[in-house]
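Spelled out from the first residue to the last, the chains are:
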Amino acid sequence: MLHLRQRRDSTPATTRWQNKFEENLEQWPHLNELVHCYTTDWVKDENKYGHYESVGTPLFHNQIYEGPDTDIETEMRLAGARRTKGEDISEDDIPSTSGRQFMEAAEGDMPHSDVPKHVGQSPLPAYEPAFDWENERSLIFGQRIPETPISHGMKISVKVQSLQFHAGLVEPFYGTICLYNRERREKLSEDFYFSVLPTEMQNAKITYEPRAVFYLDAPSASVCLLIQLEKHATEEGGVTHSVYSRKDPVHLTEREKQKLQVWSQIMPYKESFAWAMVSLFDSSTGAASVGPASPSSPLAPSVSGSSSHEGVFETSAKISLDGKLSYSNGNSVVVEVSNLNKVKECYTEESLQDPKRKVHKPVKGVLKLEIEKHQISQSDLENVSENGSTTNDSVDPGDRIAESSGKYPVNVGDDPQGSISKWNFHDGKDISANGANQHGSADFNADDFHAFDFRTTTRNEPFLQLFHCLYVYPLTVSLSRKRNLFIRVELREDDGDVRRHPLEAMYPRDPGLDASFQKWAHTQVAVGARAACYHDEIKLSLPAMWTPTHHLLFTFFHVDMQTKLEAPKPVVIGYAALPLSSHAQLRSEITLPIMKELVPHYLQDMGRERLDYLEDGKHVFRLRLRLCSSLYPINERIRDFFLEYDRHTLRTSPPWGSELLEAINSLKNVDSTALLQFLHPILNMLLHLIGNGGETLQVAAFRAMVNIVTRVQQESVDDAERNHFLVNYVDYAFDDFGGRQPPVYPGLSTVWGSLARSKAKGYRVGPVYDDVLAMAWFFLELIVKSMALEKTRLFYHSIPIGEDIPPMQLKDGVFRCIMQLYDCLLTEVHERCKKGLSLAKRLNSSLAFFCYDLLSIVEPRQVFELVSLYLDKFSGVCQSVLHECKLTFLQIICDHDLFVEMPGRDPSDRNYLSSVLIQELFLTWDHEDLSLRAKAARILVVLLCKHEFDVRYQKPEDKLYIAQLYFPLIGQILDEMPVFYNLNSVEKREVAIVILQIVRNLDDGSLVKAWQQSIARTRLFFKLMEECLLLFEHKKPADGMLLGSSSRNPVGEAPASPKYSDRLSPAINSYLSEASRQEVRPQGTPDNGYLWQRVNSQLSSPSQPYSLREALAQAQSSRIGASAQALRESLHPLLRQKLELWEENLSASVSLQVLEMTEKFSMMAASHSIATDYGKLDCITAVFMSFLSRNQPLTFWKAFFPIFNCVFDLHGATLMARENDRFLKQVTFHLLRLAVFRNENIRKRAVVGLQILVRSSFYFFMQTARLRVMLIITLSELMSDVQVTQMRSDGSLEESGEARRLRKSLDEVKDETKNASLLYECGLPETTLLTIPDKMTENRWSWSEVTYLSNSLLLALDASLEHALLAPVMSMDRYAAAESFYKLAMAFAPVPDLHIMWLLHLCDAHQEMQSWAEAAQCAVAVAGVVMQALVARNDGVWSKDHVAALRKICPMVSSEISSEASAAEVEGYGASKLTVDSAVKYLQLANKLFLQAELFHFCASILELVIPVYKSRRAYGQLAKCHTLLTNIYESIVGQESSPIPFTDATYYRVGFYGDRFGKLDKKEYVYREPRDIRLGDIMEKLSHIYESRMDGNHTLHIIPDSRQVKSEELQPGVCYLQITAVDPVMEDEDLGSRRERIFSLSTGSVRARVFDRFLFDTPFTKNGKTQGGLEDQWKRRTVLQTEGSFPALVNRLLVTKSESLEFSPVENAIGMIETRTAALRNELEEPRSSEGDQLPRLQSLQRILQGSVAVQVNSGVLSVCTAFLSGEPATRLRSQELQQLIAALLEFMAVCKRAIRVHFRLIGEEDQDFHTQLVNGFQSLTAELSHYIPAILSEL
């Protein structure tokens, strides 16, 4: 919990103040406090800001939906094939016996069987795919942001690599480097000293060259390195340093070298030699950030001059590096500085910059530096542990979970023990001599010199390190004569004894490790100068407290520059002294006189008179001081306060003791920089006073503290809610006096509490009270940290490492005090909230964080007291403002790391916080403020995401525990469903996702609880599941192949934020806007942790820059209610693809989750352990219907069918029962719909689904009739949805892919051979269809039945298809149209409703064509269906005989329908419509139509069926009407029969079709029934009109003119032929073998049904090849056609099924012809007439026949027979039998004619006498002619 943090210390070890002078700090408590404050380690509470480690998010795969997507599936498979073969096994290919092949791989193959297997992934990750806990937290109002200790910018390290001169390096060179600001002309850091020795002088031992590390705020062009070189002072008359700057390169001679080396060993003093400035930052990159180096240049934006392309700069133009880049290593750059300027005359740093200065002569040499830039990394700032190595923030999750025993790890957090070992209370100071220098970065070495950054002392921020030193800069000494002058500097304690040694306070120049402090320091020698100039920086350490006698003593020496007998000795010239106390703080220049000699007590004024001064006591010595101290405040008031604090602490203050109060009060007036710099120690001291001062002091200190804290908050630049410095103080620096004093929190809470109480009582408390409230967070966090420290210190020694520190129980008094304080603050929140003050919301958050923090420290049940106090204050549904505060409060508290593991309020209760949370959130969903509802829903989702992705809670038992915590929420929703329904869709989705997440992880036991209470409640639960499906349904703009895709609803109200997606979490919208705002690929976490398949980079079209796209997006969102669609379009393709991927996965996982619930439910329902309606199982059926009617991805279907199978196994009987007809119908519909899908995988599964239904039908129904009816009904519904035809390019129609796929599926249903592999592919056991369900014994599956079922469906499909294909010619080709209706009627025959529907369509079509008889037949057929159903039900007045009578009229009224008519009781279909009334209605229609067709005898039969109905109903009026009608009908029949011209109701033609353009008709013959007035020519015209339109360019239509037999091989290709012949119907009893010619009127005997199914026609032909011959050659062929069915039929044409032909020889023809005439006459003579009076019609017909037989002009007929057969040669060819027959026939003919003439004579009157005479004459002449051939004729007649 609390971890030690090494403070990030930019005080170099070289500057770090150590108590060199062994002073006893106890005598100055404030110093003690200061030192303690700066040196102890920081204590940081690691848990304060929450700690969260999430697991990686799951991998999302593209979901495959039906529709255009199916091609994606192929692409993905191909992509898969391209992957290495090892990972190639896709889900499809993993066969599985369990019937579940889904997630095994994904679930990590856990071996434990008790781990719940899920069907799909959790919907939560897809709903909240960009879940970022940090981000979610930052959205909470008043969220605390962890501050890292203040760090400034960057570090630059510089290392000197080499120095080379043209002349050669022979003597040692020394130098300093510091940071310098050119513009402001000031030094930014202390000097770093380096030396370069020639090789011969190097010491072998020292190998490491130290580096200097400089700190820098920000890159700026004016910051540079100032390098100054010095060398040993030149010997008079020796080698001068001009050798280094000679133009022509001359090497030193050996002698010169020796001289230089010897001299450099003799002469210890150095003189300045050259200087250079190295610009660190280009002016161009000056503005650049401290960002990481860009790859283009090695150290951009830092050391720039070095990049290779910069070339050489003129030194005058820009003092920059002119070097070449020799090599670059990582971030470091090697710079060659060659612009070294020789120091010519005395110069100062200022004069360097002076444009008028004389140009210094360049030195011919190069200094090589390695410069490197370092970021100040987080690790530097945060966690350098004792050993300087960086510790990892988190404990390894593996060990952590392993340690915790017990089922639920009570505490899986990162708790204090991990870090307890790092506590280091007692020896905090010696953590490692240079721990500070190591900064945790591997690249810094202990020997590095960290240059002190002078800006530390001027910044407005608290001092964090202990430094206490003085820099002395001697500037000039002006004397009257030239000297070689140098100065010695020392620090003395007093001026009493001149001989006493000075203090060892000088920092050594040599940066070696062992260098200890020295007693004095020397400057350079100014050689031969009147006005000596110095560039030295002398640094000395100061004592902690100094007295007035502490002073600096300067001694001035002159030294000779040549060697006489011994090395030159310096000579003292004079002294100067400077007391510290008066001048140390001064920043300006100081001038001093130079004394000639020292006398004791030279500092005191009285001694001054005795002193002798050089230069007449003028102030000739100029110097500057720079005090850098975090111990000695420059500010007077702070010093006063420190002083009074010391007196108070040491109890030495005067008895009246108000000085301390005054000092405390005057802190108000300290200026802000000073206050900030000493902020930490001042706060510590005030807290000390609050902790253990008397009451007055406590209050004063508290008020001062409030004042200071408020000022810091207001005055610092940082405008965050919690000021940076204060946060750092609380989080890091404050350590409650390291445990040396009792903790502060009791005192602090008491003071504050009493102040709050006096306010509550109504006393005036002044403005301080409001300030306290504004800064409450600070004090609350202090209280908490103080408690945490106390807790850790209490248990530090007593608990073995590795064990948890138990929570601390607060003492009653303190707890009471805190309760009261909390109560008062709550009241403030409540009051101020109502006034709408923003302070209230901030205070509310602070109070919440107070509880949040306490939960980690104090016994949680004590904290629960505070929480419940809060909830009492804000109980129920409050005003919006208050309610929002309450939500924020809960949000903060529930974000606690150990939220899940919190106890209940009573030991027996479950988690108190979660129950409170659920209660309150549910209340909020009913709040009228919609934004609060949204917030409440959001809180819940974020919490569940947090648990779901938490590394600590990945075990199933943890997930179960969490699910049980939240489970009561579901109960509440079920109890008050309207609350859920009143939410708007976004919140509903949030709640739905939460519900799914909870039930996903629940165990079966808990689920049963949800389902056990009542049937209605269980139903509501599944209503929620259906809502989930509805809310997360995946709608693609492009889809909806079968389900009309509902176009996206336009967004109603203008969305506040742009909405990219309706279905994903609201957070995703801001994530996407963020991502599109960043110009580059969306960054967040690395690719946000989603390894979604990368789309290639070309997608981001370079032509369209993001800014434009962004502008579009802005424009889109500004349009009010811009649709999600438009926004989506504006997204970068990569983002859009991500978005779609998430949405698909969300939808899929929600469906799978609900499926999983349904499966569990069905299992439990099987054991009857829950409350539901077992009669209908409506929960299962409703959800299944929801599943099927939505667009689901392939993964869902894969999971669905095994479960579908399992559910039908368990509950088949219920699901297939009549009550569930509606369900079954829906299921069949959707399975057929899936069977049309383009996606093979889904289509195959649909086939299996159908087979499962058939199987259930076998077992639970014993037969499939009902299922067949069901399927046929749904097929007919599907046909209206599916496009069964598609256009060809030429505009004609063809069968569509959908129809083909449906046919394929129906074929597969009955395919026994492939069945096993099909089931296997779909993840079901291969024996699925054959396994016998429980409680059944025999196997009832029968493939033949299945085949029959499948075929009847195929029949219906074909009929529908054919009908659809005819659409374009419907209006023209009425015959085909009628036929297609007929086919449909027959295909849907098992379903009476559909059967009747199509028959009525057909009936209408016939009426339009005026085919009345056919229309009537349709009506009869409909009536027949109804009658049969009624007879089968024994309902109504008819019996089987009536049906048989009907069948005589319409043979199609078959008997098979009746059994199934009853099976067809399906919702919306069935016998309810089949009533006696409807039958009568259709019978009457038939009657009407038959009347129009004049088929009266049919009318009679029909009316006879109607009469029984009226009789049974005693409807006498109707009966009277019927009988009247009957009378008319019978009279009409009589009329028809007595007509002399026989009545024909129709004409019949045979039509043969030959040619491939006729399609199915090719080579078929049909008999057409046409109205009686249609002649041969009419029908030819009609048919050629119909079929010509079907011919294309290369086909022509011919009509074959005769009726001969057509041989197809003789026809020309490319021509289509029609052969049309008139035919006669054949009577039932007719002798077709008779050779007579047929006269129709002969056969109209008694009234007989005009039902014909045979037709004949005669064709004459010759056998000798002539087209025509005499009678003797003329043969005759009689063709008899048998049709399929009889006329009048339901259609106008029937197919010829059989055709037979007889041939008659010429003589038989002749005999036939004669016999026909004879028969006609005889018929006329013998016809009995009803009454004798009615002779007229008879006379007319007799005359007609006689005239045709014996009139003179026509008797050639009989005569020609004689001449043909009885004369000459033909007569010899006849067989005698034929001859006899011919003669007999002739004789009989004559005899009958004779009789007829006689009868004629009897009948005629006057007017016909002439005619009679003609007849007699004709007869006589005929007889005479015949007698030539048949002599016997005369005797016969």
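Just so it is clear, the structure is predicted and the values come from calculations on it, not from any experiment. (Residues numbered from 1 in each chain as written. Predicted model: local features only at pLDDT ≥ 70, side-chain atom pairs only at ≥ 80, totals over all residues. Heavy atoms only, no water.)

A.B. asks: Which residues make up the overall build of the protein, and what values do they have?
C.D. replies: The helix and strand tally for the protein stands at 61 helices and 31 strands. In the protein, 76% of the contacts between residues at least 6 apart in sequence involve partners at least 24 apart. Accessible surface, the protein as shown: approximately 77500 Å² in total, 52% of it carbon and sulfur. (Helix = DSSP H or I, 4+ residues; strand = E, 2+ residues; numbered from the N terminus. Contact = heavy atoms within 4.5 Å. Areas by Shrake-Rupley, 256 points an atom, 1.4 Å probe, with all protein chains shown as cover.)

A.B. asks: Describe the confidence of the model for the protein, with residues and values.
C.D. replies: Detailed reading of predicted coordinates is not advised where the pLDDT is low. Per-residue pLDDT for the protein has a mean of 74; in total, 75% of the residues score no lower than 70. The weakest mean pLDDT in the protein belongs to helix α9 (residues 417–420) at 32; the strongest belongs to helix α24 (residues 860–873) at 92. Predicted confidence for residues 1079–1106 stays below pLDDT 50, and this span has 45 contacts to residues more than four positions away or in other chains. (pLDDT = per-residue confidence, 0-100.)

A.B. asks: Help me get a handle on the packing of aromatic side chains, residues and values and all.
C.D. replies: Per the stated rule, a full pass over the model turns up 62 aromatic pairs. Centroid distance F1187 to F1200: 6.0 Å. Interplanar angle 70 degrees. Geometry classified as edge-to-face. Of this pair, F1187 sits in helix α37 (residues 1178–1188) while F1200 is found in helix α38 (residues 1194–1215), placing the two residues 13 residues apart along the sequence. When sorted by exposure, F1187 lands in the same class as F1200, which is buried. The structure contains a cluster of three or more aromatic residues connected by ring pairs, namely F452, F454, F463, F467, Y471, F641, F642, Y645 and F678. When the ring centre of Y473 is taken as origin, the NZ or CZ atom of R624, which lies over that ring, is 5.9 Å away. (Phe/Tyr/Trp six-rings, centres within 6.5 Å; stacked < 30°, edge-to-face > 60°. Buried < 20%, exposed > 50% of the residue type's maximum accessible area, 1.4 Å probe, protein only. Lys NZ or Arg CZ within 6 Å of the ring centre and 35° of its normal.)

A.B. asks: Go over helix α32 (residues 1015–1031) with me, naming the residues and quoting the values.
C.D. replies: Taking 1.5 Å of rise per residue, 17 residues should cover 24 Å, and α32 covers 24 Å from first to last C-alpha, within 8% of that figure. By the burial criterion, the buried members of α32 are R1017, T1018, F1021, F1022, L1024, M1025, E1026, E1027, C1028, L1029 and L1031. (Expected span 1.5 Å × (residues − 1).)

A.B. asks: Could you give an account of the nonpolar core, naming the residues involved and the relevant values?
C.D. replies: Membership of the largest hydrophobic core comes to 349 residues, with the highest contact counts inside it found for F641, L686, F778, W925, Y966 and W1438. Among the elements that line this core, the one with the most residues is helix α47 (residues 1412–1432), at 15 residues. When sequence neighbours within four positions are dropped, the list of residues in contact with W1438 reads M1427, L1430, V1431, V1476, A1479, V1480, L1483, L1505 and V1509. Listed in part, the 43 residues of the second largest apolar core include L179, F194, L260 and V335. (Core = buried A, V, L, I, M, F, W, Y, C linked by side-chain atoms within 4.5 Å.)

A.B. asks: Would you mind going over the environment of P548 in detail, with residue names and values included?
C.D. replies: Along the chain, the position of P548 falls in the loop between β18 (538–541) and β19 (551–559). Separated by 32 residues in the primary sequence, P548 and L580 place their C-alpha atoms 7.1 Å from one another. Not counting residues within four places of it along the chain, the set of residues in contact with P548 comprises P579 and S581.

A.B. asks: Before we move on, can you summarise the pairing of strand β28 (residues 1615–1625) with the specific residues and values?
C.D. replies: Among the eleven residues of β28, nine are classified as buried, and the element is accordingly described as predominantly covered. By the bridge criterion, five bridges tie strand β27 (residues 1596–1600) to β28 in an arrangement that is parallel. In the sheet register, L1597 faces β28, and the bridge partner there is C1616. Here β28 pairs with strand β29 (residues 1652–1662) via two bridges, running antiparallel. Paired with P1625 across the bridge in β29 is F1655. (Pairing = 2+ DSSP bridges.)

A.B. asks: Can you lay out helix α28 (residues 956–975) for me, pointing to particular residues and giving the numbers?
C.D. replies: Counted at 1.5 Å a residue, the expected span for α28 with its 20 residues is 28 Å, and the 28 Å between its end C-alpha atoms agrees. Largest kink in α28: about 35 degrees, centred on L965, with the proline P968 one to four residues after it. Counting buried positions along α28 yields 16 of 20 residues, so the element is predominantly enclosed. (Bend = angle between axes of the 7 residues up to and from the residue.)

A.B. asks: So what's going on with the packing of α37 against α38? Residues and values would help.
C.D. replies: Running from N to C, α37 and α38 point in directions that differ by 150 degrees, and their axes come no closer than 12 Å. The orientation of α37 with respect to α38, classified from their angle, is roughly antiparallel. Two packed elements cross with a definite hand, and for α37 against α38 that hand is left-handed. Between α37 and α38, the residues in contact are I1180, T1181, F1184, F1187 and L1188 and F1196, W1197, F1200, F1204, V1207, H1211 and L1215, respectively. (Axes fitted to C-alpha atoms, helices over the stretch in contact; angles between N-to-C directions. Parallel < 35°, antiparallel > 145°, perpendicular 65-115°, else oblique. Left-handed = near helix turned anticlockwise from the far one by under 90°.)

A.B. asks: Describe in detail the pattern of salt bridges, supporting the description with residues and values.
C.D. replies: By the definition in use, this model includes 42 salt bridges. The closest approach of N and O atoms between E537 and K187, which form a salt bridge, is 2.8 Å. Of this pair, E537 sits in the loop between β17 (526–533) and β18 while K187 sits in strand β5 (residues 186–187), and the two are 350 residues apart along the sequence. Judged by its relative accessible area of 8%, K187 falls in the buried class. Residues participating in the shared-partner salt-bridge network are K48, R144, R722, D731, E781 and D853. (Salt bridge = Lys/Arg side-chain N within 4 Å of Asp/Glu carboxyl O.)

A.B. asks: Give a detailed account of unusual backbone geometry, specifying residues and quantitative values.
C.D. replies: Backbone geometry places R185, a non-glycine residue, at a positive phi of 55 degrees. Mapped onto the elements, R185 comes out in the loop between β4 (173–181) and β5. Positive phi outside glycine occurs at H601, with the angle close to 55 degrees. Topologically, H601 is positioned in the loop between β21 (589–592) and α12 (605–608). Residue classification places H601 among the partly exposed positions, given a relative accessible area of 36%.

A.B. asks: Any details on the environment of A1421? Residues and values, ideally.
C.D. replies: Here A1421 lies in helix α47. You can call A1421 buried: its relative accessible area is 3%. For the pair A1421 and L1446, spaced 25 residues apart in the sequence, the C-alpha separation amounts to 8.7 Å.

A.B. asks: Tell me what's going on with the state of the cysteines, and back it up with residues and numbers.
C.D. replies: This structure, assessed with the given rule, holds zero disulfides. Free of any disulfide, C824 has its nearest neighbouring cysteine sulfur in C817, separated by 9.6 Å. (Disulfide = S-S within 2.5 Å.)

A.B. asks: Any details on the side chain of N723? Residues and values, ideally.
C.D. replies: On the secondary structure map, N723 appears in the loop between α17 (695–715) and α18 (724–733). Here N723 falls in the buried class, since its relative accessible area comes to 0%. Reaching out from N723, the side chain makes a polar contact with the backbone oxygen of V712 at a distance of 3.4 Å. (Polar contact = N/O pair within 3.5 Å; in protein donor to acceptor, adjacent residues only side chain to side chain.)

A.B. asks: Give a description of the packing of helix α21 (residues 776–796) against helix α23 (residues 838–857) that names residues and reports values.
C.D. replies: Interhelical geometry of α21 versus α23 gives an angle of 5 degrees and a closest axis separation of 9 Å. Taken together, α21 and α23 sit at an angle that is classed as roughly parallel. In contact with A776, W777, L780, E781, I783, V784, M787, A788 and K791 of α21, α23 contributes L843, S846, L847, F850, D853, L854, S856 and I857. When grouped by side-chain class, the residues that make up the contact of α21 with α23 number twelve nonpolar, two polar and three charged. (Nonpolar A, V, L, I, M, F, W, Y, C, P; charged D, E, K, R; others polar.)

A.B. asks: I'd like a description of the pairing of β29, backed by residues and values.
C.D. replies: Looking at chain direction, β29 and strand β30 (residues 1674–1687) are connected through ten bridges and run antiparallel. Paired with T1659 across the strands is R1677, a residue of β30.

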